[in-house]
Amino acid sequence: MRNFFRIVVISASIWVAAPRSSGQQVDLAALFEKREVMIPMRDGVKLHTEIYTPKDAKEALPIFLERTPYGISAKDKGYSGKLHRYAHMFADGYVFVFQDIRGRYGSEGLFVMNRPVHDPSDAKGVDESTDTYDTIEWLIKNIPNNNGRVGTAGISYGGFLAAMALVNPHPALKAVSEQACMGDTWLGDDFFHNGAFRLSYGYEYATAMESNKENYQLKFDRDDLYDWYLRVGPLSNINKEYLHGKIPSWNSFVLHPTYDEFWKRKAVASALHQAKVPNLNVAGWWDQEDFYGPMATYANLEKDDAAHMNFLVVGPWNHGGWASGPGNFLGQIPFGSDTGKYFREQVEAPWFAYWLHDKGALPGRREMRSKGVCISARMGS
Ligand code: PG9
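The following refers to the structure shown. From a predicted model like this one, the values you see are computed outputs, not experimental measurements. (Residues numbered from 1 in each chain as written. Predicted model: local features only at pLDDT ≥ 70, side-chain atom pairs only at ≥ 80, totals over all residues. Heavy atoms only, no water.)

### Comments concerning the pattern of salt bridges
Phase 1: For the coordinates displayed, the defined rule picks out 15 salt bridges.
Phase 2: Put simply, K141 and E137 hold a salt bridge, and the shortest N to O gap is 2.7 Å. Of this pair, K141 and E137 both sit in helix 2 (residues 128-142), four residues apart, roughly one helical turn.
Phase 3: Among the residues examined, K141 registers a relative accessible area of 63% and is labelled exposed.
Phase 4: For E137, a relative accessible area of 28% puts it in the partly exposed group. (Salt bridge = Lys/Arg side-chain N within 4 Å of Asp/Glu carboxyl O. Helix = DSSP H or I, 4+ residues; strand = E, 2+ residues; numbered from the N terminus. Buried < 20%, exposed > 50% of the residue type's maximum accessible area, 1.4 Å probe, protein only.)

Structure follows, in C-alpha cells:
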C-alpha cells in the first residue's frame, strides 16, 4: 500500500530545502505563447479564457486551470499576472489556463455569488461545476499536444470554484487543490461565522462584486469605517439609504438570517461526499476568512476515501499566506523559516507533478523529515 501523507501539518520549524525556483519576476513572453478565447458553455454563454502554452514544450503537457471572479487579464492586455502564482511550477511544464467565471469581467452571463449546484433534474441547469466541466471538455479538444490531464486550483472564492469542480468532475480532471475554499458561508466562511453576521465582509464585498462586472472599491465619506457603520444606524438603512434593493447578496443576508436551504444549497463543503479525484485541501491556522471551508471539505471527503485521494495541508498562515512571499512571518511574529515558499516548492509543485506528470513521489514523511521538517501527519492507511 502506498505510504504517503494525507494530512500534513506544517509547523514553523521548517528548514528550507533547495529552492525549485528563484521566485524572481520572469519574462513571461519569452516562456509562453498567449492565446485568448471565448469558450461556449452548454447554455451558450461564452467564458473569457487566456491560454498560456510553454514555447519550449518537448512533450505532451497537462493543462493547469484556474477560474476566478477577480479578473484574469493584465491591465495592459499583455500576459496575465496570475502566471506568477505558479512560477515554482513552470519547470515541470504546464499549459496554464485562466478564466473569468460567468458574469465577471470578460465573460458573458449572470454572476451569482457562490452559485449553488443546479437541480440535477434540470437537464439545462448550469453552475460552476458544469462550467468547469464544459471548459475542460473544450480545452482537451482545442489545446494541441496536451496529455489529456487537467489540474485546477484556487484560493478563497477560487477555492470554492476548485471545490465545485469536484462535484461532478470531468474525466480528464486528475488533480484539484481547493485552498481556503468558501466551503459554507453561513457556518464558517466569510459572510457568517456560525450565524454571526460579518457586516463589513457582507456589505462591502457583496456591493463590490454585484454592482458591476469588475471589482471596484467602495467609496466612504470618512476613513473611520467603525464610525461610518455606527452612523448607518439600523441595518435596514443600508437598503433605504445606499443599496435600494439592487445588491442580491445583501437582500439574501436580510431575507435569510438563519441556516436555511438558501445557505445549505450554496455550501460546496456539504455537496462533497466521496473523493473521486485527488484533492489537496489547504488551510491557514490563522485564516481570518476561510478556515472552516478547507477543514469541512476535507472532513466530508474523508468519510469515503478508500482510494486515498483526499489530502490536507494546514500551515501557520493567514488567508492565502502560503501563496506568495516567504511565509516566514505572521504580522510581527517571526517563524524563522519560509513556510510559504516551502509549501509551494516542496509540497504543492510535487503533488501536482505526481498526479499530472507521473513525476516523482507524493511528499511523504521520510522526504519531509529528511528536510528537517517538523510535521505531524496521519500516514495513508
Ligand atoms: N473568500 C474571500 C472573501 C469572500 C467574501 C468576502 C470577503 C472575502 C475571497 O474570495 O477573497
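### Focus on the packing of aromatic side chains
Phase 1: Scanning all chains against the criterion turns up 42 aromatic pairs.
Phase 2: Here the aromatic rings of Y203 and Y229 are separated by 6.3 Å at their centres, their planes lie at 85°, and the arrangement is edge-to-face. Taken together, the residues Y203 in helix 4 (residues 199-210) and Y229 in helix 5 (residues 225-232) connect sequence positions 26 residues apart.
Phase 3: Owing to a relative accessible area of 5%, Y203 belongs among the buried residues under this scheme.
Phase 4: A relative accessible area of 14% places Y229 in the buried class.
Phase 5: Consider the rings of W285 and F291, whose centres lie 5.8 Å apart with planes at 40°: the pair is tilted.
Phase 6: On the basis of relative accessible area, F291 is assigned to the partly exposed category, the value being 25%.
Phase 7: Taking the ring centre of F111 as reference, the NZ or CZ of R104 above it sits at 5.5 Å.
Phase 8: Stacked on the ring of Y201, the Lys or Arg R198 has its end atom at 4.2 Å from the ring centre. (Phe/Tyr/Trp six-rings, centres within 6.5 Å; stacked < 30°, edge-to-face > 60°. Lys NZ or Arg CZ within 6 Å of the ring centre and 35° of its normal.)

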